[in-house]
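Overview (structure and organization)
The chain contents come next:
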Amino acid sequence: PGSTFKVITAAGVLEENVIDPNTRLFDGGDIVVPNFYAENDRAADQRFVCWKRDGHGYVDLKSALAWSCNVYFYQVGGGNLDLSPQTLRPGGLNIPDLFRYGTALGIGSKLGIELPGELVGRMPDRTWKRITHGENWSTGDTYNASVGQGYINVTPLQLLSAVATIVNDGTLHRPTLIREFLDAERNITRPFEPQVLRTVNLDRANPDGSVTLLLVEDMIIQGPASLACTCEPTAGETYNPARCDPQNYRATFDINPDPLITDLREYTVNVPEGYGFFDRVCDPIRFDTNYTPAFVSSDNLAFIREGMRAAVTEEGGTAQPANLPYINIAGKTGTAEYCDDIARPLGLCVFGAWPSHAWFAAFAPYEEPEILVVGFVYNGDEGSRNALPIVVETLEAYVRLTNERENRAQPAPLAALPVEQ
């Protein structure tokens with residue numbers, strides 16, 4: 001996802017009080033991470049760069065979102081040994097918490113859209129890398145993950161849903177292609193009702209006070225007694241079809257991470273209709289009774305939206321070409337380096353000059369959102385250059401069609417969009 005993922009990192013940074021969002025960190029264009037296995041060999045250090053090679057200077061969180069400052073997010077995501085604990089939490093957000101927030105926003109989970117072959121994506125952590133690659137997780141891995149690079153994989157639908165959760169004040173809904181069901185006479189037999197997949201904002205809890213967690217989170221917390229481990233035929237000895245009852249499943253978790261304080265909260269798991277429990281979610285290696293699901297407050301979600309608006313309106317914002325005169329847009333650009341089975345045989349995977357996917361996620365109107373669009377261009381290079389114009393044209397068409405239906409004056413066509421590096 002590249003820098004579009006920074007909205008998720010920002011959610012964790014704000015909620016975990018990693019840094020005062022008004023504190024400015026310096027971006028001189030790069031940051032160097034020492035190799036602790038070769039402390040006296042500077043050639044073994046890792047250098048992580050900002051896309052703006054001369055740096056952004058002093059940057060706070062809102063400007064870091066607007067300007068898409070990599071070096072700021074490296075530091076708040078993975079720490080900076082040169083900063084005091086009073087300025088920045090040691091280790092930054094770090095991968096255990098980044099995993100919690102990415103997972104809470106749907107990264108690494110199927111969302112249940114009515115299409116075959118939905119991909120699960122990947123929200124990696126230390127356990128995943130140790131099992132998959134036989135290596136320990138490094139600070140560099142966290143730096144990369146903090147800016148949506150490295151081992152993180154998302155589908156455009158997952159990114160759309162994660163951003164929608166931030167926009168709608170903290171509810172991850174099941175995406176759907178179906179508005180309503182009709183009979184042969186076109187009478188509505190089943191009207192549209194939003195389905196909650198994950199309660200991300202505790203102020204948006206269910207009417208009975210319970211919250212909704214994702215299947216993978218339930219598996220981590222409840223282990224062998226979880227819904228996935230009970231219902232999946234591949235789960236082995238924990239499989240018990242007689243106890244598999246997703247509709248009536250209830251469990252509790254401790255909402256307070258303090259080991260000396262217990263605050264149990266009941267939760268449900270929304271399993272899409274027709275789900276077959278064949279995805280092998282149950283994984284004993286992931287069991288962790290101390291796992292605390294992540295939540296994000298309304299104030300912090302609003303702060304992220306402000307940063308997305310600043311990307312469009314603030315000088316130096318990477319989404320300035322989306323600053324339309326007749327509708328207020330907020331968004332986040334992304335340029336995601338990659339190397340896959342298509343690029344590799346073509347000789348495109350050059351270290352230091354990797355090919356890139358172009359991303360742009362935007363919603364409008366900023367004050368009362370009606371529409372959210374994600375643009376993804378495979379091997380499209382810069383998000384602001386190639387994905388942003390597609391999204392802007394889509395939003396322009398939405399406004400025009402809406403006005404036509406309501407017989408309002410039409411917006412004048414935009415001139416060619418300027419290129420934002």
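Residues numbered from 1 in each chain as written. Predicted model: local features only at pLDDT ≥ 70, side-chain atom pairs only at ≥ 80, totals over all residues. Heavy atoms only, no water.

**Side note on the confidence of the model for the chain**
Going by this rule: pLDDT gives the predictor's per-residue confidence on a scale running from 0 to 100. The contact criterion used throughout is that any non-hydrogen atoms of two residues lie within 4.5 Å.
Predicted confidence across the chain gives a mean pLDDT of 93, with 95% of residues reaching 70 or more. Below a pLDDT of 50 lies the segment residues 415–421, which in the model reaches 18 contacts outside its immediate sequence neighbourhood of four places, other chains included.

**What to know about the pattern of salt bridges**
Put simply, the rule reads: Each salt bridge in this description consists of a side-chain nitrogen of Lys or Arg and a carboxyl oxygen of Asp or Glu lying within 4 Å of one another. The classification of residues rests on relative accessible area computed with a 1.4 Å probe and restricted to protein chains. Under 20% of the type maximum is buried, over 50% is exposed, and intermediate values are partly exposed.
For the structure shown, the criterion picks out 16 salt bridges. Two residues, Asp54 and Lys52, come together in a salt bridge whose shortest N-O distance is 2.9 Å. Looking at Asp54, the relative accessible area reads 58%, which means it is exposed. You can call Lys52 partly exposed: its relative accessible area is 30%.

**Remarks on unusual backbone geometry**
Formally: Think of it this way: any DSSP run of H or I at least four residues long counts as a helix, any run of E at least two long counts as a strand, and we number them from the N terminus.
For the bond running from Ala364 to Pro365, omega is -15°, close enough to zero to count as cis. Looking at where Pro365 falls in the secondary structure, it is placed in the loop between strand E13 (356–364) and strand E14 (371–377). Positive phi values are uncommon outside glycine, yet Asp169 reaches one of about 75°. Among the structural elements, Asp169 can be located in the loop between helix H7 (156–167) and strand E5 (171–173).

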